[in-house]
Structure formats: structure tokens, C-alpha cells
Amino acid sequence: MTGYKRIAQRNYYGKALVDIAADRSDVFVLDADLAGSTKTSEFLKVARDRFVECGIAEQNMIGVAAGLAASGKTVFASTFAIFATGRCWEQIRLAVAYPGLNVKIVATHSGISVGEDGASHQALEDIALMRALPNMTVISPADAYEAYRAVVAAAEWDGPVYIRMGRSEFPCVTEEDDIFVIGKAKVLRKGSDVTFIATGQMVSGCLEAAAKLEAEGISAEVVNMSTIKPLDRDTVLRSAEKTGCVVTAEEHSIIGGLGSAVAELLSEELPVPVKRIGTGDIFGESGSPDELFVKYNLTADDLAAAAKTVISRKESETE
Amino acid sequence: MECDVDGIKAKAEIMRSDIIEMTTSAGSGHPGGSLSAADFVAALYFNVMRHDPANPGWEDRDRFVLSKGHVAPVLYAALAESGYFPKEELATLRKLGSRLQGHPVRGKLPGVEMSTGSLGQGLSMACGIALAGKKDGKDYKTYCMLGDGELQSGQNWEAAMFASQFELGNLIAVVDRNRLQITGCTEETMSLEPLAEKWRSFGWNVIIIDGHNVKQILDACRKAGESKRNPVVIIMNTIKGKGVSFMEGNADFHGKVCNREEYSRATEELRKAIR
């Protein structure tokens, strides 16, 4: 997408940790041999004795995080999204989520845009895994600026939080000085014919799709749903009521993620035509992020086409 | 509340009796491993550990993480006997609405440090607690009780490496080596030997004792408490079901409770022991 500055979210994760480190001596940061990639290495530079290298042992890392949190610390634990949520899901469930401890799992390298490393490293299930856990708050920021604000908010939040970040540089669609509140979605563009509800870098794709649709005389609303759990029900219902049809967009499986959360809500409260854009019941593969977005139907063109589909379904239902 | 050797033995027998009472009343639970751990847990709560039942959140308390969470009854018996909650509440074990869940839950019952029950996780949690104590310059000790069968789980060995790397001399693990797991003998199910050598090779100091000899337990804990850099593991040889003749060495009582007739026999035997 053109016109936006592109920054990797994890760079701003590192920056946020450094800023937090200064006045929060209770903050500890744990990593599993990926500090250089997750950017927790920035924290290590300024607060070495509160950085804990756990080695390639994610299950133990979560247990250690829980023990530290039970001793009054606020703990950030980081690795790639697939390992953070998949390798140690049950450790997170028992040690962190059940007792509601102050552990913030910040995972980078989520989604198919991990690219060339292929399916083993492309977490397309992490939102589903974390969303299913009671007590867990799930955040998927749209860009680097929002990633920074989400990390700061998580440090203040009482209880477990999962924050999902990407590897590559995402277009910055929010402003650096925006206000971020956990559980509050933001309407980034107002529209009346269709609602895009998006998370992560798909927010920028939806803005691009909305611009394309505008050229065709279709007015699309774009909602940045950066907190997936708890879902901002009011914003979803208000927008769906206005436009009458919804497209969800996530760089994640359409099973269990944002699309599922929105569809669950709308099917019970306000059944309107919905189309979920994301990866299907399928693993990813190696390739450049751009190539993969085309192959797995995640582009702005795919989003615009989905919008037209739900609009026509809406119109055929009202006839 | 500090007891001497005879006092600890008496507490352990009371706890054994409580374990039989509460698991029989619950109709389910894990008496075998609770009984094998009773002497050590009694020694911790009535002599070794610095703790205050009136102030469970005391920052300087010694911590006890029960990694083998299925033996919750032995922990609950020790906590109730210490005065963390009324003894009558033991009768609510495993019942709807009870604070005495089938496996221990942090935040539900005073004195329970961590939620456990899924085997293999407690030592990692104990590492985090011990690390926090070290970073904060506190002198509390962290004790973690592990089942022997539990050591088949790989996360324990991740934690063992961690404790050694971070020189957690304030961490004391204890392995309840009763040699039985739900399927049968540990060595036939998935061999653990040579167990002491495994721990030593991970950088731990190893102390081997008879887990039903209270004097040996106290000596081992004192010696373990003197370690500066190395984490210490006490491997205590025990008998599953210890104290009730027909449960001793019987894998059936890993996860099975007494029927009416067995209950009468068990309570009769324990009554004699308490006298």
C-alpha cells in the first residue's frame, strides 16, 4: 500500500520495552533464543539483570514467567507466534491463564507474511488458540505505532495478555500519538454500504480496498479491531446495523480467529451477510509475503471482491 | 509451631488419617502418592519452612510448589493442620463449590502457591519463584515436590537446566521416589534410572534419603539449605501408600480410594499409629 510509512512492529516492541524499563523495575523480559529477532534484545541492552534468556525451551519459559509473576513481577515472554502459543499452549493455560497471572506473551513472526520460512513458522492458528483460553486478552495491533501502544497498555493491564505481531514491515495506518484502549475498536474510515472489520496488517489492506470501492461508488467502513478478546461488541453491532453486511479480514485461519469472533456475535445478535477473509483450512508454504498474499487471497482486490459479494447478498435478501 | 522429630511423626499420622478420610468421602482422588509424601510434607510445614498461616502472602515466606498436584490431599491436610483454613473444610474435597479442588488452584485456597495438576510444570514455576527471590535479594527458599513418574516429562529437564544456569541455590526439589505410577512400575513404564546421575549431570547437588525417616528428612533439608550456587534435589525413597498395610506398594491405589471395608481397616491402622 502506498503513501504510508512502513515499519516492523517488533522494532516498536523493543522500543516500548526500553521505555517501560526506565520506570517499571518490576518488569522482567524472557525470551527463548530469539531475542535478536523479537527485539527483546533492546531491553537486554538497558536492563540486563531483568532479562532472562531461557534457551530453546518455551514450555519452561512460560512456567518461569508464571513463577516470577506470582512473586510480584510483570513479565513479558517472547518468541515466534507458533512456538509461543502452540508449543506451550497447555503451560499458558494452567500456569498463566487459570491463575490470571501478570504474564504478557508478545509473539512476533505471526501470519503467512513470515514468508520464506514456510508453514512450520507461519502461525495461522495463534489467535484461535489464545482466544479459547478464559482470562486471556488477545491483541493484534494494526501497525508498529499501535504495537507500541499495545505493549504499554499491556504493562498496565492486570492479567494475562497475548499480543500478536508480524515479522515484516507493515504500513503505518494509525498515528503515533493515537490513544489506545484495550477492548476498544476504532473506525478508521466511515462508510455506509459495507463494513470491513480487520486486524493486524489486514487493516491497511481494507483501507486500500475501501479506496478502490469508493472509485466504483461503494462506501465502505473500515474498523480496526485490534483487541480480538474482549471483542468490542458495540462497535461491531453499530457498524453492522448501519451497513447491513460485513467482511472480516485477518492474516490468520478463518477458523477460530477474528472472523469467527465477529460471526459468533452477529449470528446471535444481528444476523447480516458475513464473509470471512483469511487463510482457509490449509497450511501455508514458502514464498515472498506478496506472492503468498496473492496465492492465499488476502489482497485488497480479494477484499473488495468480498465486499461486493456481501453487498449483493444483502440486496438479494432485502428484495 | 515448630515440631521435633516425634512431633513431626505425629503430624504425619494425623495427615495420613485426614488423607484417607477426605479421599474416601470424596469418592475419588489419589491416596497412594499422598501417603508416600506425608512425612516430608509434614516436616516442611511443621519444622523446615518459614511460613505464617495468618499471613499466607508474607513476602519472606518459604514457598512450596506441589508439582505432583494430584496428591493435593497431602497439601490440604498440611495446610489445614497448620491453620490456613478450618479442618472441617477437608470434607469438601472435590465437591462442587469447594476451595479444595481435585488439584491445587492458586488464589482459591490460602497457602496454595501455584496451580498444578498437569504434570511436568511445577519445577519451572518454582524456578521463576526462586529467581525472583534471588533478584530481590530475599533469603526465602523454594521447595518443589515432584513425582518420580512425572520426571518422564521433558519440561522438568528444561527446568533442571535453567536452575543450574541461573545458579538457583535457593531452590530445593524433592523427588517422591515411590517407584510406582498409574500403569505400574516406573522402570517398566519408562525407566528413570540412573536418576541421581541424571540430576548431577544437570548441575544439581543430589541428596538421597529414606523419605519415611524424619531425622533424615530434616538433615537433608538443612544440608540443602546451605547450598549457595547449586540447586539441590532430595531423592527420597518412599513406599506408595505408606502407613496403610494393604495400600503399601500397591499401584492400584494411585488413583483409587478405599471402599467401605478398606476404609475401616485403614482408619483402624492409622488410629493405632497416632496413638
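Residues numbered from 1 in each chain as written. Chains lettered and ligands numbered in written order. Predicted model: local features only at pLDDT ≥ 70, side-chain atom pairs only at ≥ 80, totals over all residues. Heavy atoms only, no water.

S.K.: Explain unusual backbone geometry here, please?
M.R.: Glycine aside, the phi torsion of most residues is negative, and most peptide linkages are trans. Omega for the bond connecting Lys229(A) with Pro230(A) falls within 30 degrees of zero, at 0°, which places this linkage in the cis form. One can find Pro230(A) in the loop between β12 (227-229) and α10 (233-243). In this structure, Pro194(B) follows Glu193(B) across a cis peptide bond, with omega equal to 0°. Residue position: Pro194(B) is located in the loop between α6 (186-190) and α7 (195-201). (Helix = DSSP H or I, 4+ residues; strand = E, 2+ residues; numbered from the N terminus.)

S.K.: I keep staring at the sheet that holds strand β3 (residues 171-177) of chain B and nothing clicks. Help me out?
M.R.: Strands belonging to one sheet form pairs held by backbone hydrogen bonds; the direction of such a pair is parallel or antiparallel. Residues and elements named next belong to chain B. The parallel open sheet is built from five strands, whose spatial order is β1-β2-β3-β7-β6. The open sheet terminates on both sides in strands that have one partner only, identified here as β1 (63-66) and β6 (205-210). The mean inter-strand angle of the sheet, taken between neighbouring strand axes irrespective of direction, is 20°. Here β3 pairs with strand β7 (residues 232-237) via six bridges, running parallel. Pairing of Asp-176 across the sheet is with Met-236, part of β7. Strands β1, β2 (142-147), β3 and β7 of the sheet are contacted by helix α2 (residues 31-48), whose axis makes an angle of about 175° with β2. (Pairing = 2+ DSSP bridges. Axes fitted to C-alpha atoms, helices over the stretch in contact; angles between N-to-C directions. Contact = heavy atoms within 4.5 Å.)

S.K.: What should I look at first to understand the interface of chain B and chain A in this one?
M.R.: Taken together, the contact pairs 23 residues of chain B with 24 residues of chain A. Note on chain B versus chain A: buried area summed over both sides is about 1,900 Å², and carbon and sulfur give 60% of it. Contact with chain A buries area across many residues of chain B, yet Arg106(B), Lys135(B) and Glu158(B) alone supply 24% of it, more than any other trio. Taken together, chain B and chain A are joined by one salt bridge. Asp136(B) is paired through a salt bridge with Lys73(A); the nearest N and O atoms lie 2.6 Å apart. Where chain B touches chain A, the interface holds nine residue pairs in polar contact (both at pLDDT 80 or more). The element contributing the most residues to the side of chain B that touches chain A is helix α4 (residues 122-135) of chain B, with eight residues. Per-class residue counts for the side of chain B that touches chain A are 11 nonpolar, eight polar and four charged. (Buried area = accessible area lost by both parts, 1.4 Å probe. Salt bridge = Lys/Arg side-chain N within 4 Å of Asp/Glu carboxyl O. Polar contact = N/O pair within 3.5 Å; in protein donor to acceptor, adjacent residues only side chain to side chain. Nonpolar A, V, L, I, M, F, W, Y, C, P; charged D, E, K, R; others polar.)

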